[in-house]
Amino acid sequence: MVEYDVIIKNASITEGTGEKEYVGSLGIIDDKIVSTGNIKGDAIKIINAKGLKALPGFIDAHSHAERNILWYPYCENYVMQGVTTFIGGQCGGSPAPLTDEISLPGMLSDYQMEISPFKFSPEKSTYPIDQVNAWMKERYGWTIDWQTMAEFFKHIEKTGFGVNFAPLVGHGTIRRNVMGKNYERDSTKQEREQMHEIIHSAMRDGCIGMSAGLDYDPDIFSSQEEIIEAVTQLKEYNGVYSPHWRRTGRRRGSLVGRVTIPKISSMLECVEVYEKTGVRLHFAHLDSGWNIYPEATDEVDASILKATFDTITSHTINKLDITWNTIPFYTKGGFSVLPYLSSVLSPWLRELGSRKELAKWLQVKEFREEIMDAIRTGKLYISVEHNPFTNPKWVENTIVVKHINSSLDGKSLSQIAVERKIDPIEVWFNLIIEDPDSQGIRLMNVNPKTYYLFYKHPCGCLGLDLMGVFDKEYQSPYPPYTIPGINTYSAFPIFFEKFVKQDKTLSLEEAVQATSTKATMIHGLKGRGTICEGSYADIVLMDFENLKNKSNEIEPRNYPQGINHVFVKGVQVVEKGKLTKVKPGKVLRRAAD
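Being a predicted model, the structure only gives us computed values, none of them experimental.

Criteria and cut-off values
Residues numbered from 1 in each chain as written. Predicted model: local features only at pLDDT ≥ 70, side-chain atom pairs only at ≥ 80, totals over all residues. Heavy atoms only, no water. Helix = DSSP H or I, 4+ residues; strand = E, 2+ residues; numbered from the N terminus. Buried < 20%, exposed > 50% of the residue type's maximum accessible area, 1.4 Å probe, protein only. Contact = heavy atoms within 4.5 Å. Lys, Arg positive; Asp, Glu negative; His and termini not counted. Charge placed at Lys NZ, Arg CZ, Asp CG, Glu CD. Pairing = 2+ DSSP bridges. Axes fitted to C-alpha atoms, helices over the stretch in contact; angles between N-to-C directions. Phe/Tyr/Trp six-rings, centres within 6.5 Å; stacked < 30°, edge-to-face > 60°. Lys NZ or Arg CZ within 6 Å of the ring centre and 35° of its normal. Left-handed = near helix turned anticlockwise from the far one by under 90°. Nonpolar A, V, L, I, M, F, W, Y, C, P; charged D, E, K, R; others polar. Core = buried A, V, L, I, M, F, W, Y, C linked by side-chain atoms within 4.5 Å. Expected span 1.5 Å × (residues − 1). Bend = angle between axes of the 7 residues up to and from the residue. pLDDT = per-residue confidence, 0-100. Polar contact = N/O pair within 3.5 Å; in protein donor to acceptor, adjacent residues only side chain to side chain.

Comments concerning the overall build of the chain
No. 1: Scanning the chain for helices and strands turns up 18 helices and 23 strands.
No. 2: Seen through its C-alpha atoms, the chain measures out along the principal axes to roughly 80 × 60 × 55 Å.
No. 3: Per-residue burial for the chain yields a buried fraction of 58% across its 593 residues.
No. 4: In the chain, of all internal contacts separated by at least 6 residues, the share reaching a separation of at least 24 is 74%.
No. 5: Of the charged side chains in the chain, 68 are positive and 74 negative, and the gap between their average positions amounts to 3 Å.

A word on the sheet that holds strand 10 (residues 164-170)
No. 1: One open sheet accounts for eight strands, arranged 6-7-10-11-12-13-14-18; its pairing is parallel. Of all the strands in the sheet, the pair left with one neighbour each is strand 6 (58-60) and strand 18 (460-462). Mean inter-strand twist for the sheet, computed between neighbouring axes without regard to direction, equals 25 degrees.
No. 2: Pairing between strand 13 (residues 280-283) and strand 14 (residues 322-326): three bridges, direction parallel. The partner of Phe283 across the bridge, within strand 14, is Trp324.
No. 3: Where helix 5 (residues 171-179) meets the sheet, it contacts strand 10 and strand 11 (209-213), and its direction lies at approximately 45 degrees from that of strand 10.
No. 4: Against the sheet, helix 18 (residues 508-523) engages strand 6, strand 7 (83-88), strand 12 (240-244), strand 13, strand 14 and strand 18, with an angle of about 115 degrees to strand 18.

Side note on the packing of aromatic side chains
No. 1: Per the counting criterion, the structure on display carries 27 aromatic pairs.
No. 2: Geometrically, the ring pair formed by Phe120 and Trp348 is edge-to-face, given 5.7 Å between the ring centres and 75 degrees between the ring planes. Placement of Phe120 in the loop between helix 2 (112-115) and strand 9 (127-128) and of Trp348 in helix 10 (residues 346-352) is noted, with a sequence separation of 228 residues between them.
No. 3: Residue Phe120 is classed as partly exposed on the basis of its relative accessible area of 27%.
No. 4: Here Tyr183 and Phe221 contribute two aromatic rings whose centre-to-centre distance is 6.0 Å and whose plane-to-plane angle is 50 degrees, an arrangement assigned as tilted. Taken together, the residues span a long stretch of sequence, with Tyr183 in the loop between helix 5 and helix 6 (189-205) and Phe221 in the loop between strand 11 and helix 7 (224-232) at a distance of 38 residues.
No. 5: By the ring-pair criterion, three or more aromatic residues cluster together here, those being Phe58, Phe309, Trp324, Phe329, Tyr451, Phe454, Tyr455, Phe492, Phe495, Phe496 and Phe499.
No. 6: The ring centre of Trp245 lies 5.8 Å from the NZ or CZ of Arg247, which sits over that ring.
No. 7: Of note, Arg355 hangs over the ring of Tyr340, and the distance from its end group to the ring centre comes to 3.8 Å.

Examining the environment of Ile144
No. 1: Within the secondary structure, Ile144 is located in the loop between helix 3 (129-140) and helix 4 (149-159).
No. 2: We classify Ile144 as buried; its relative accessible area is 7%.
No. 3: Residues Ile144 and Gly93, spaced 51 residues apart in sequence, show a C-alpha to C-alpha distance of 16 Å.
No. 4: Non-local contacts of Ile144, meaning those with residues more than four positions away in its chain, are made with Leu98, Ile102, Pro105, Ile129, Asn133 and Met136.

Here we look at the packing of helix 6 against helix 7
No. 1: For the pair helix 6 and helix 7, interaxial distance at closest approach is 9 Å and the crossing angle is 35 degrees. Of the two elements, helix 6 crosses helix 7, and the hand of that crossing is right-handed. The residues of helix 7 that touch helix 6, namely those facing Arg192, Met195, His196 and Ile199, are Glu225, Glu226, Glu229 and Ala230.
No. 2: Residue composition of the contact of helix 6 with helix 7, by class: three nonpolar, one polar and four charged.

Thoughts on the nonpolar core
No. 1: Counting 107 residues, the largest nonpolar core has Tyr241, Phe283 and Phe496 as its most contacted members.
No. 2: The element best represented in this core is helix 17 (residues 486-502), accounting for seven residues.
No. 3: In contact with Phe496, other than residues within four places in its own chain, are Leu55, Phe58, Lys501, Leu508, Ala511, Val512, Thr515, Met542, Phe544 and Leu547.
No. 4: Trp394, Val395, Val400 and Leu413 belong to the second largest nonpolar core, which has 28 residues in total.

Remarks on helix 18
No. 1: Its 16 residues give helix 18 an end-to-end C-alpha distance of 22 Å, which sits within 8% of 22 Å, the value for a rise of 1.5 Å per residue.
No. 2: The largest bend in helix 18 amounts to roughly 50 degrees and is located at Ala514.
No. 3: Buried residues dominate helix 18, accounting for 14 of its 16 residues.
No. 4: Gly524 sits one or two positions beyond helix 18 and adopts a positive phi of about 70 degrees.

A word on the confidence of the model for the chain
The predicted coordinates of low-pLDDT regions are not to be read in fine detail.
No. 1: Here the chain averages 93 in pLDDT, while 95% of its residues score no lower than 70.
No. 2: Between residues 332-336, whose pLDDT stays under 50, and residues either more than four places distant or in other chains, the model counts 18 contacts.

Here's the deal with the side chain of Lys53
No. 1: Within the element layout of this structure, Lys53 appears in strand 5 (residues 53-56).
No. 2: In this structure the side chain of Lys53 is engaged in a polar contact, spanning 2.8 Å, whose partner is the side chain of Glu21.
No. 3: Not counting residues within four places of it along the chain, the set of residues in contact with Lys53 comprises Ser12, Glu21, Leu508, Val540, Leu541, Met542 and Phe544.

Some points on the side chain of Ser12
No. 1: Looking at the secondary structure, you find Ser12 in strand 1 (residues 4-13).
No. 2: The buried category is assigned to Ser12, whose relative accessible area is 17%.
No. 3: Sequence-distant contacts of Ser12, that is, excluding residues within four places in its chain, are made with Glu21, Tyr22, Val23, Leu52, Lys53 and Ala54.

Topic: the environment of Tyr340
No. 1: With respect to the secondary-structure elements, Tyr340 resides in the loop between strand 15 (336-337) and helix 10.
No. 2: Under the relative-accessibility criterion, Tyr340 is labelled partly exposed at 21%.
No. 3: Residues Tyr340 and Gly440, 100 residues apart in the sequence, show an inter-C-alpha distance of 5.6 Å.

This is the structure in structure tokens:
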């Protein structure tokens, strides 16, 4: 008589409960772990995991994967690095509620240039849903057939997907639903009441909380009063509020000399929402509360992080009332790789048709001045960290990784400017002229020696901020032909490789807490984030000794070595390092209290 569906034998098990690692077995029936330790009996499938570590499946606490999960239902880049669950609907944007006017969904947005050509930013951000569905039908053979979160859940569960999805509803999506295109103002009392009704509906549909995108349209126009009133609606559901806090301000029309809100002030704006509503607060992609110039010592940097944590958590009532996720910037590539030094100049790349033609025009003084004017006046948005007019360290943050002149590889624009004794902006343009296919990366302002503190703290967990799920072949169809970054394919294995194996700044158990357990406690995902009796069988079997990142800045689209087996709800989605192409994922609806 077969007693189990799967037995995993001889694994080194870290449960995620705080207990020490032990060698034993896991017995799985259906979607649950029903036995642990010394298991006797037979199973349909037996895996000898000797030499492997059994860990709770990884959880991406900040993801936008729901935006294209219907295009990449196997969630390949997730399962191949051990991710079994993601928290989606972030930064104020969720797949519902929808009206008769919607944004271009998922991968259709890649074809914005065909649908509505633009130079710097699209004039239209929404289109009639009937027109969108005509494009969807023509290109993909299916249409948007949902309006509410409940209907979206039904749709994706019918088609199937590879990992679990815990949904937030987006305040920005709700605000646009109620206010339409006339959102660049305060909402009225009647409009706020309509928004509250939609929040209640989404929570009843099973959302676990609400996100906001306070740097993005339309949430950037929301008053603090509007946000507090909206978040108050979550209280009766024990929901969580997850804001993308005000960091950069509106990203269109960023003029030279614009001063951004001090980061700690923006964080405290969110803390005030917690204090006035009593609703748990989970910061999206938390950062240090203060910028330090010039570059600080490791000790000073660690003190600034401690001050940030202490400041935002000083008035919490319960231990996990205020928490955060943080993007792991331990790799140079960050999250989105712009493959070429010319990629930032995408308006002119699209216009001229090739990098070679762009290089030719960059020799023209008036053309260079046109580009600089577009950056200076905010027509072309470049992130604050890498904008020549907003960050004095932008030249240090831009690194050449591959150039026809190989002596430049690995050098920053700052170093090359010193060597050549010319302005760094001129260096940037000249490098493209010399080699139109030269490649580069942009560093973030983080200290790799103290960054682990975000995760070592009992309130911090890992969130990648990925813009979707992808396969190994994905590349955007128009210049600058963007490809996903290293984190998209390898972030979680690198986390263990760097912080546990190399730096030894986190213990194995602390890493498990940061990559899985804490996210489940924060978001109320009962039965996940641990691998003990009664837990859901979301499991990673990792070859820790041979764990290796195989991505790099030139080609990030490689899967890591050492993620041998992955289970989602007891179903094997990765076997011996190979994708099995099954879709056992589930929408993790809010549990009724």
